[in-house]
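Fold and contact review
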Amino acid sequence: QVQLVESGGGLVQAGGSLRLSCTASGRTFINYRMGWFRQAPGKEREFVAAISRSGGSTYYADSVKGRFTISRDNAKNTVYLQLASLNPEYTAVYYCAASPSYYIRITADRAYDSWGQGTQVTVSS
């Protein structure tokens, strides 16, 4: 497994932006597809975005398309999630995850075997 540490969460007003970062260590970063998930209070964890090993392919939940952008810097072992046009519905703990799988659908949480501790994003109205 790879160790993941998220940062960049915080309190932001509706309409604002944040950039989340997730830095990996312990394994070769480029061997992993990377994803972001979130869990809002009282709700199940849900897929947000994912990116292929090279960064050439990205995937988004319908609810965040056009608002969030996932990217990665393999030289820095870091994946990013740029959040824009935020609204209170996006308040959640955001988790970074790493997937070694080549076969399991990238949007499925069972594809991921390493998870970060999460970073809180709170959007005020």
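Everything here concerns the structure above.
Before going into details, it helps to say that this report is about the structure given with it. Source: prediction; values computed, not measured.

1. A word on the sheet that holds strand S8 (residues 78-83)
- Read across the sheet, four strands follow the order S1-S3-S8-S7 without closing on themselves; strand pairing throughout is antiparallel. Since the sheet does not close on itself, it has two edges, and those belong to strand S1 (3-7) and strand S7 (68-73), each with one partner. Sheet twist, expressed as the average angle between the axes of neighbouring strands with direction ignored, equals 15 degrees.
- Judged from the six bridges that link them, strand S3 (residues 18-25) and S8 form a sheet pairing that is antiparallel.

2. Here we look at the state of the cysteines
- Using the criterion set out here, one finds one disulfide in the structure.
- For Cys22, the disulfide goes to Cys96, at an S-S distance of 2.0 Å. Measuring handedness by torsion sign, the sulfur bridge of Cys22 and Cys96 sits at about -75 degrees and is left-handed. One end of the pair, Cys22, is in strand S3; the other, Cys96, is in strand S9 (residues 92-99), with 74 residues separating them in the sequence. Each member of the pair, Cys22 together with Cys96, is buried.

3. Structural notes on the pairing of S8
- Of all six residues making up S8, five are buried, and the element is well covered by its neighbours.
- Strand direction decides the pairing type here: S7 and S8, joined by six bridges, are antiparallel. If you follow Ile70 over to S8, its bridge partner there is Leu81.
- Here S7 folds back onto S8, and the loop between the two strands holds four residues, one of which, Asn77, carries a positive phi near 55 degrees.

4. Things to note about the nonpolar core
- Membership of the largest hydrophobic core comes to 37 residues, with the highest contact counts inside it found for Met34, Trp36, Phe68, Val79, Leu81 and Tyr94.
- The set of elements that each furnish at least two residues to this core consists of S3, strand S4 (33-39), strand S5 (46-51), S7, S8, S9 and strand S11 (119-124).

5. Focus: the environment of Leu18
- Looking at the secondary structure, you find Leu18 in strand S3.
- With 64 residues separating them in the primary sequence, Leu18 and Gln82 have C-alpha atoms 6.1 Å apart.
- Setting aside residues up to four positions removed in sequence, Leu18 forms contacts with Gly8, Gly9, Gly10, Val12, Leu81, Gln82, Leu83, Leu86 and Val121.

6. Brief notes about the layout of surface pockets
- Size it by volume and the largest pocket reaches roughly 160 Å³.
- Around the largest pocket, the lining residues are Arg38, Gln39, Ala40, Lys43, Glu44, Glu46, Glu89, Tyr90, Thr91 and Ala92.
- Of the residues contributing to the lining of the largest pocket, the split by class is three nonpolar, two polar and five charged.

Criteria and cut-off values
Residues numbered from 1 in each chain as written. Predicted model: local features only at pLDDT ≥ 70, side-chain atom pairs only at ≥ 80, totals over all residues. Heavy atoms only, no water. Pairing = 2+ DSSP bridges. Helix = DSSP H or I, 4+ residues; strand = E, 2+ residues; numbered from the N terminus. Axes fitted to C-alpha atoms, helices over the stretch in contact; angles between N-to-C directions. Disulfide = S-S within 2.5 Å. Buried < 20%, exposed > 50% of the residue type's maximum accessible area, 1.4 Å probe, protein only. Core = buried A, V, L, I, M, F, W, Y, C linked by side-chain atoms within 4.5 Å. Contact = heavy atoms within 4.5 Å. 1 Å grid on protein atoms, 1.4 Å probe; cavity = no way out; pocket = protein on both sides within 12 Å on 5 of 7 lines; lining within 4 Å. Points joined across faces, edges and corners; volume = space filled by probe spheres on them. Nonpolar A, V, L, I, M, F, W, Y, C, P; charged D, E, K, R; others polar.

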